[in-house]
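Listed below, chain by chain, are the residues.
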Amino acid sequence: ADDGFVGTMVPEEFGGAGQGMVEMHLFLEGLSNTGIPLLNLVVGAAMSLGFIAKYGSLAQKKRYLPDACKGRTRFCFAITEPDAGSNTIRTATLARKRGNRFLLSGQKTFITDADGSDFALVVARTTPHTDVQRKTEGFTLFVVDLKAKGIDKQDIPVSIPAPETQWQLFFDDVDLGPEDVVGEI
C-alpha cells in the first residue's frame, strides 16, 4: 500500500495509480516470480477494488477506495459457494428485497483473507436462479461490512503453506441498504 500497488487499478482521483488489468497482472507476476504470490492482492485489490472503481457510485468510490488504496481497510471477494463452486449461475446466496433494503442470507466458501478484511464484495442473487428468464439475470454485487450483525466466519484448514487463509462466510439476514449495492440492480 505504501508503494501504491494496492490501488493499481483505482483512478488517481481516488488514491490509486490509475493503471489497468495488464499492469496489475505484470505486478502480480513479478511478485510471484520472486516467490511472493499474494492471492489477497488478486481478490482484494484487483477484483474488489477494480469493480468498485469501475461500477461503484461516486459515494462508494469516495468512501472505500482512498482508505483501501492506503491499506487502512481491506477487501475480500466472496463468490464461491459449497454447492456451486465459482459457477455463478448456481449461486444460492440471496438478498431478499424489503422496501428499499435487502436481507442477505447464504454461505460462501474458500474466501481468501476474510479474517483480515474489513469488507467483502459479495456476489448474490436478488432473484433466485429458478425464477429468471435468462440464467445471467438476477445478480447483484454488495459491499458488506464483515463486522455486521448476522455474519459468522469459520476458518477452513488447508494443507498448503500460504500467507493467505481460507474462510467460510455465513450470512443470516444481514441488513443491507441501497448504498451497499455496487452498480445497478
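As shown above, the structure is provided for reference.
Residues numbered from 1 in each chain as written. Predicted model: local features only at pLDDT ≥ 70, side-chain atom pairs only at ≥ 80, totals over all residues. Heavy atoms only, no water.

Engineer: What's the story with the packing of aromatic side chains in this structure? I'm lost.
Structural biologist: For the structure shown, the criterion picks out seven aromatic pairs. Both rings, one in Phe-5 and one in Phe-27, keep their centres 4.1 Å apart while their planes meet at 5 degrees; by these two values the pair is stacked. On the criterion of sequence distance, the pair formed by Phe-5 in the segment before α1 (21-33) and Phe-27 in helix α1 is long-range, its members being 22 residues apart. The partly exposed category is assigned to Phe-5, whose relative accessible area is 37%. One aromatic cluster is present, built from ring pairs that chain together Phe-51, Tyr-55 and Phe-77. One residue, Arg-125, lies across the ring of Phe-139, its end atom 4.0 Å from the ring centre. Sitting over the ring of Phe-119, Lys-147 keeps its end group 5.9 Å from the ring centre. (Phe/Tyr/Trp six-rings, centres within 6.5 Å; stacked < 30°, edge-to-face > 60°. Helix = DSSP H or I, 4+ residues; strand = E, 2+ residues; numbered from the N terminus. Buried < 20%, exposed > 50% of the residue type's maximum accessible area, 1.4 Å probe, protein only. Lys NZ or Arg CZ within 6 Å of the ring centre and 35° of its normal.)

Engineer: It is not clear to me how the pattern of salt bridges should be interpreted in this structure. Could you clarify?
Structural biologist: When the charged atoms of two side chains with opposite charge come close together, those side chains can pair. This model, assessed by the stated rule, comprises seven salt bridges. Note that Asp-175 and Arg-101 form a salt bridge whose closest N and O atoms lie 2.9 Å from each other. With Asp-175 in strand β7 (residues 166-176) and Arg-101 in strand β3 (residues 101-112), this residue pair connects regions lying 74 residues apart in the sequence. Ionic pairing is found between Lys-147 and Asp-145, a salt bridge with its closest N-O pair at 3.5 Å. (Salt bridge = Lys/Arg side-chain N within 4 Å of Asp/Glu carboxyl O.)

Engineer: It is not clear to me how the side chain of Ser-105 should be interpreted in this structure. Could you clarify?
Structural biologist: Relative to the helices and strands, Ser-105 is located in strand β3. Taking the relative accessible area as the measure of exposure, Ser-105 reaches 17% and is therefore buried. At 3.5 Å, the side chain of Ser-105 and the side chain of Arg-96 are in polar contact. Apart from residues lying up to four places away in sequence, Ser-105 is in contact with Ala-92, Thr-93, Leu-94, Arg-96, Phe-171, Asp-172 and Asp-173. (Polar contact = N/O pair within 3.5 Å; in protein donor to acceptor, adjacent residues only side chain to side chain. Contact = heavy atoms within 4.5 Å.)

Engineer: What exactly am I supposed to notice about the pairing of strand β5 (residues 139-145) here?
Structural biologist: Within a regular strand, side chains alternate between the sheet's two faces. The element β5 is largely enclosed, with a buried count of five among its seven residues. Direction of pairing for strand β4 (residues 119-125) relative to β5: antiparallel, over a ladder of seven bridges. Its bridge partner lying in β5, Ala-120 is registered against Val-144. Sheet topology places β5 next to strand β8 (residues 181-182); two bridges connect them, and they run antiparallel. (Pairing = 2+ DSSP bridges.)

By themselves these figures say nothing about function.
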